[in-house]
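Spelled out, the chains give:
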Amino acid sequence: MILCCGEALIDMLPRETADGDAAFVPHVGGSVFNTAIALGRLDIPVSFFSGLSEDLFGVRLQDALRASGVDLTHAIVSSRPTTLAFVSLSDGQASYDFYDENTAGRMLFEADLPDLDDGVEALLFGGISLATEPCGSTYESLMARESSTRVIMLDPNIRQAFIRDPLAHKARMRRLMAIADIVKISEEDLAWFGGPASAAEVAQVLLAAGTKLVIVTTGPKGASAYWRGGSFVISAVNVTVVDTVGAGDSFNAGILAALRKTGFLKKERLASLTTEVVRDALSFATRVAAVTVSRAGANPPWADEI
């Protein structure tokens, strides 16, 4: 089983009423939530660790997770409100304004950390849940606790509008990347971190520190993967893009699903990756992401759609 650790929220997507007025329509979402949904739809055993609300939006989130086969045993349910993210789209690219004070997802504490049995093979972390407190420290503690025995994947998924202290967040991301087995990072994320290093140079630094697989995504240009045995570049699938909401999250699910199906989602096996395994994982992940961007909102594909 893969445990997805991070935010679940409501994306308020811009729409137009029948009278032509601007409006927002609520859709379930959140970076890690989207990946959990995608994994469930790909028939991968998956559970979700986050704070979820009992309010009407929280119930929608819980219902959506269950409908896609996601286990909620590890979720913490409270009466606090659900985080809202108002989305703006420009040429299909999404930007966000978040409303997150005292929400169920944010007010997650170390006392809420789950006890994990041997059925949990890997954990995914990332998104805005790492940028605020107390949940950011809670997730960091869980990642540090489990990193010696289970596969850890990290997607920084930087949302600048949500980061109050960039220096502190960069320091946290560097600590987490140092103990992650798989790091998926976008070229936009790399630009936010700053520095003159190329994607390949950043990857080599991470690999030297112990990361087993580094993937750099470049949107419509595809993705590059680096591991100790080599590197591989893949082009994106050519589709008509409706919007990019959830694209990277679906890509993450594709990588995890492909590695699990080939038996490589284990710490010892990640150390012996081959070009064939990485190529097939990237190919599958790009196909999963291509379906997601071809339709509105974060709506990842089911297994029979790939």
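Residues numbered from 1 in each chain as written. Predicted model: local features only at pLDDT ≥ 70, side-chain atom pairs only at ≥ 80, totals over all residues. Heavy atoms only, no water.

Take the overall build of the protein chain next. Secondary structure summary: the protein chain contains 9 helices and 14 strands in total. Here the C-alpha radius of gyration of the protein chain, 18 Å, is about what a compact globule of 306 residues would show, namely 19 Å. Across its three principal directions, the C-alpha atoms of the protein chain cover 55 × 45 × 40 Å. Counting every position in the protein chain, which comprises 306 residues, the buried fraction comes to 54%. Carbon and sulfur atoms make up 52% of the accessible area of the protein chain, which amounts to about 12800 Å² in all. (Helix = DSSP H or I, 4+ residues; strand = E, 2+ residues; numbered from the N terminus. Rg over C-alpha atoms; globule rule 2.2 N^0.38 Å. Buried < 20%, exposed > 50% of the residue type's maximum accessible area, 1.4 Å probe, protein only. Areas by Shrake-Rupley, 256 points an atom, 1.4 Å probe, with all protein chains shown as cover.)

Before going further, it helps to spend a moment on the sheet that holds strand 10 (residues 151-155). One open sheet holds the 8 strands; their spatial order is 4-1-9-10-11-12-13-14, and the pairing between them is mixed. Since the sheet does not close on itself, it has two edges, and those belong to strand 4 (46-49) and strand 14 (230-234), each with one partner. The mean inter-strand angle of the sheet, taken between neighbouring strand axes irrespective of direction, is 15°. Against the sheet, helix 6 (residues 199-209) makes contact with strand 11 (182-186), strand 12 (213-217) and strand 13 (223-227), and its axis sits at roughly 30° relative to strand 13, the strand it touches most. (Pairing = 2+ DSSP bridges. Axes fitted to C-alpha atoms, helices over the stretch in contact; angles between N-to-C directions. Contact = heavy atoms within 4.5 Å.)

Let us look at the side chain of Thr286. Positionally, Thr286 belongs in helix 9 (residues 275-293). A polar contact is formed between the side chain of Thr286 and the backbone oxygen of Ser283, at a distance of 2.8 Å. In contact with Thr286, not counting residues within four places along its chain, are Ile234, Ser235, Val237 and Phe251. (Polar contact = N/O pair within 3.5 Å; in protein donor to acceptor, adjacent residues only side chain to side chain.)

Right, let's get into the state of the cysteines. A complete count under the given rule lists 0 disulfides for this structure. Of all cysteine sulfurs, the one in Cys5 lies closest to Cys4, which takes part in no disulfide; the gap is 7.2 Å. In this structure Cys135 is a free cysteine whose sulfur lies 12 Å from that of Cys5, the closest cysteine sulfur available. Classification of Cys135 by relative accessible area gives buried; the value is 2%. (Disulfide = S-S within 2.5 Å.)

The next thing to look at is the environment of Leu13. Within the secondary structure, Leu13 is located in strand 2 (residues 9-16). It is 24 Å that separates the C-alpha atoms of Leu13 and Thr218, two residues lying 205 residues apart in sequence. Not counting chain neighbours up to four residues away, the residues in contact with Leu13 comprise Ala23, Phe24, Val25, His27, Val87 and Gly297.

Core analysis: the largest hydrophobic core is formed by 53 residues, its most contacted members being Phe48 and Leu259. For this core, the element with the highest residue contribution is helix 9, accounting for 8 residues. Phe49, Leu108, Leu116 and Leu207 belong to the second largest nonpolar core, which has 33 residues in total. (Core = buried A, V, L, I, M, F, W, Y, C linked by side-chain atoms within 4.5 Å.)

Moving on to the side chain of Ser224. By the secondary structure assignment, Ser224 is in strand 13. Ignoring any residue separated from it by four or fewer positions in sequence, one finds Ser224 in contact with Val214, Ile215, Val216, Phe232 and Val233.

Attention now moves to the pattern of salt bridges. In the structure shown here, the tally under the stated rule is 15 salt bridges. Residue Arg106 pairs with Glu101 through a salt bridge whose shortest N-O separation is 3.2 Å. Of the charged contacts, one joins Glu140 and Arg172 as a salt bridge, the two residues approaching to 2.9 Å between their closest N and O atoms. A residue pair is termed long-range when its members are at least 10 positions apart, and Glu140 in helix 3 (residues 135-146) and Arg172 in helix 4 (residues 166-179) qualify at 32 residues. Its relative accessible area of 15% is what places Glu140 among the buried residues. Each of Glu133, Glu140, Arg172 and Arg175 takes part in one network of salt bridges that share partners. (Salt bridge = Lys/Arg side-chain N within 4 Å of Asp/Glu carboxyl O.)

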